[in-house]
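# An overview of the molecular structure
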Amino acid sequence: MNYKSSKQNISSYCYRLSIVLIVALLACGIAGVSKAFNTWHETPASAQAVKTATSSNSAVHNASKTRYTNHFDPLHAQTTGTLQNSECDLVVERAIAAAHSLSVDSAAPLLITESDSTRAIAFDSVTCKTEPFTTTSSISWTSGADQQTRVSLFAMNIGPSFGDPAASSITVDAEDFAHNRYALLVESVSEVSGSPGLNMLVVRLDESLPSAGDVLIRIHAHGKTSNSARIGIESVGAGLPDDSAPAPMGTDSATTLLAVETLPSVTSFELRDAANNVYVVTNGMQLVTGRMPEPLTIYARTGTMEPASVRLKLANVEDRIDNQTPFATNPFSLSQLPVGTSQIMATPYTRKSGKGSQGTTLTISFQVTTSTSPTPTPTPTPTATPTPTPTPAPLQESPNNTRVPPSTQIVDSTGVVWTLASNGAILRNGSASAGGSGSQILYCNRIVYVYGDNSQWWRWSGGWVLVGSVDPCSGGTPAPTPTPTPTPTPTPTPTPTPTTKIIYVAPNGVPGNSGTSATSPIDLATAVSTSGPVRAGYTVQLSAGIYRYASVN
């Protein structure tokens, strides 16, 4: 499709095209036709006199006079009709104002975004609704037409003067949170009346786009790639962090790439109860109603670069933007959450009120359960010769200051068995439902502790509570030292003073030994002989046994 410089030309072209389509349908019996030309833009006669704008202010004023009317093809809708498009007017006016504030020198395509964020200025080409968008249209089309949503985007630095002869030479893609990319077919490109250089692109959303929040949109034209802009699919938020600055920025710096390390990030969540106990929220963590004093509050912990604001979304309970640290939800109770899986999501921004560049989002899933009474054991049906089932002996509670390792398990006072998995996960009765990981489990004063991967001790109290870096049982009761059985020996020999030399004598002593150590004793005869090593003042250490004396000269 060739580019048109005015909406009057576009309307005339679309009229002639409709005649061709009707003839084609009659001749070929085609069941449906693409929605690429469902949106026809007409300019009333009162606005036709305005062909150009002498300034940015007059361009915006002239655009406000322009009305956009959508005509529905009978092939696509049950009835034909006209929508008044004041919503479209407002979006186009924002795009024109943004474009006129730019001073762009680069030849790369430039997607127009809000001035204070990287959200694309865009609307549904049929309903004129803004984001979040659905991948399929809300209009009930007949079976002959595809059901994909068309979205209008605004861009500069594209067109024949930049080496893009037709819409087919321009491509657009979307990137989701998992770095998957989806091609968005460009169905139409036209210049916005009264705003030379500003173009509107109509793209068809891919039906396989995930319904999980923001995707990053990019334009590829004449061998160059545009800045990234965000649109929401089903919901607004989450997605990848920004990799380019908002456009307009006043200069061609709008396409400057942002380094990930310059963006804020959310690194973890902490749950605090009414007693100010702190629990680290981990994936799969189980929260039991009635176990913790309420109300509860979840805090978002951020990285080294602190954001100016954080959007916190807690299941279906809350979706708010916090502009002050610490960034946290409002107080809530577990009864407000559905039983089962819930999520907490936090997204940081470089400016207040969720504006500026978006950093790295963190999402954690946790389980909400209710405490239930034990199921009564049914009375067994008697049999002719019942065989009693032996009752297993209860597990023995572990001694105080038991540690895993070196022990293989800990049995607490309630009979719960605690073990440590090979990957460091803490297992409670063989299940990782308690959450958390560490290198050691400690049982001290009937309390279970874990030495976590962050070199901190955590205490189990229906959830993990931070204790600190000091070993909780370092001052505990030491294990008693067993009393040795006394050996019946003769009256002990007095301990010699350090300055006295000792000669060791044993019944099995050898005359040739030195006698200066217990491992090299001499015999008694040699020791008392005149030529022996014993001198006045020496101490003779006799080993137990029977001595047979033989005179030695």
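For the structure, check the block above.
Throughout what follows, the structure given in this document is the object of discussion. (Residues numbered from 1 in each chain as written. Predicted model: local features only at pLDDT ≥ 70, side-chain atom pairs only at ≥ 80, totals over all residues. Heavy atoms only, no water.)

## Quick look at the pattern of salt bridges
Taken as a whole and judged by the stated rule, the model has 16 salt bridges. Put simply, D214 and R119 hold a salt bridge, and the shortest N to O gap is 2.8 Å. One end of the pair, D214, is in strand 9 (residues 213-221); the other, R119, is in the loop between strand 3 (110-111) and strand 4 (123-124), and 95 residues separate them in sequence. In this structure, R181 engages E175 in a salt bridge whose closest nitrogen and oxygen atoms are separated by 3.5 Å. Relative accessible area serves as the criterion here: at 6%, E175 is assigned to the buried category. (Salt bridge = Lys/Arg side-chain N within 4 Å of Asp/Glu carboxyl O. Helix = DSSP H or I, 4+ residues; strand = E, 2+ residues; numbered from the N terminus. Buried < 20%, exposed > 50% of the residue type's maximum accessible area, 1.4 Å probe, protein only.)

## Some details on the sheet that holds strand 15 (residues 297-302)
Pairing is antiparallel across the open sheet formed by four strands, whose spatial order is 13-12-15-18. Strands with a single pairing partner mark the edges of an open sheet, and in this sheet they are strand 13 (278-281) and strand 18 (327-328). With six bridges connecting them, strand 12 (residues 266-272) and strand 15 associate as antiparallel partners. By the bridge assignment, V266 is partnered in strand 15 with T302. (Pairing = 2+ DSSP bridges.)

## With respect to the sheet that holds strand 23 (residues 410-411)
Where strands meet in a sheet, backbone hydrogen bonds hold them as pairs that are either parallel or antiparallel. Strand order in the open sheet made by the three strands is 23-24-25, with antiparallel pairing throughout. Each edge of the open sheet is held by one strand with a lone partner, namely strand 23 and strand 25 (426-428). Pairing of strand 24 (residues 417-420) with strand 25, which is carried by three bridges, proceeds in the antiparallel orientation. Opposite T419, over in strand 25, you have L427 as the bridge partner.

## Here's the deal with the packing of aromatic side chains
Aromatic ring pairs are defined here through the distance separating the ring centres and the angle between the ring planes. If you walk through the whole model with that rule in mind, you get five aromatic pairs. Taking the centre distance of 6.1 Å and the plane angle of 45° together, the rings of F123 and F154 count as tilted. Placement of the pair is F123 in strand 4 and F154 in strand 5 (residues 150-156), with a sequence separation of 31 residues. Relative accessible area serves as the criterion here: at 1%, F123 is assigned to the buried category. Between W418 and W464, the aromatic rings sit 5.9 Å apart at their centres with planes inclined by 65°, giving edge-to-face as the arrangement. Residue W418 is found in strand 24, and its partner W464 is found in strand 29 (residues 464-468); the two are separated by 46 residues along the sequence. When sorted by exposure, W418 lands in the same class as W464, which is buried. Site record: aromatic cluster; members linked through ring pairs are W418, W460 and W464. If you follow R272 out to its NZ or CZ, it ends over the ring of Y299, 4.6 Å from the centre. (Phe/Tyr/Trp six-rings, centres within 6.5 Å; stacked < 30°, edge-to-face > 60°. Lys NZ or Arg CZ within 6 Å of the ring centre and 35° of its normal.)

## Focus on the layout of surface pockets
What the largest pocket holds in volume is close to 360 Å³. If you trace the largest pocket, you find 16 residues lining it, with A212, A238, Q343, M345 and T363 closest to the centre. Elements supplying a minimum of two residues to the lining of the largest pocket: strand 19 (340-351) and strand 21 (362-369). Looking at the lining of the largest pocket residue by residue, the classes come out as eight nonpolar, seven polar and one charged. (1 Å grid on protein atoms, 1.4 Å probe; cavity = no way out; pocket = protein on both sides within 12 Å on 5 of 7 lines; lining within 4 Å. Points joined across faces, edges and corners; volume = space filled by probe spheres on them. Nonpolar A, V, L, I, M, F, W, Y, C, P; charged D, E, K, R; others polar.)

## A word on the side chain of D164
Mapped onto the elements, D164 comes out in the loop between strand 5 and strand 6 (171-175). Here D164 occupies a buried position and makes no salt bridge, while the nearest side chain of opposite charge, K224, is found at 11 Å. At 2.9 Å, the side chain of D164 forms a polar contact with the side chain of H222. (Lys, Arg positive; Asp, Glu negative; His and termini not counted. Polar contact = N/O pair within 3.5 Å; in protein donor to acceptor, adjacent residues only side chain to side chain.)

## Comments concerning the state of the cysteines
The tally for this structure, following the rule as stated, stands at one disulfide. Disulfide pairing is shown between C444 and C473; the S-S distance is 2.2 Å. Handedness here is read from the sign of the S-S torsion; for C444 and C473, about 75°, the answer is right-handed. Highlighted residues: C444 in strand 26 (residues 438-444) and C473 in the loop between strand 29 and strand 30 (502-505), separated in sequence by 29 residues. Classification of C444 as buried rests on a relative accessible area of 1%. (Disulfide = S-S within 2.5 Å.)

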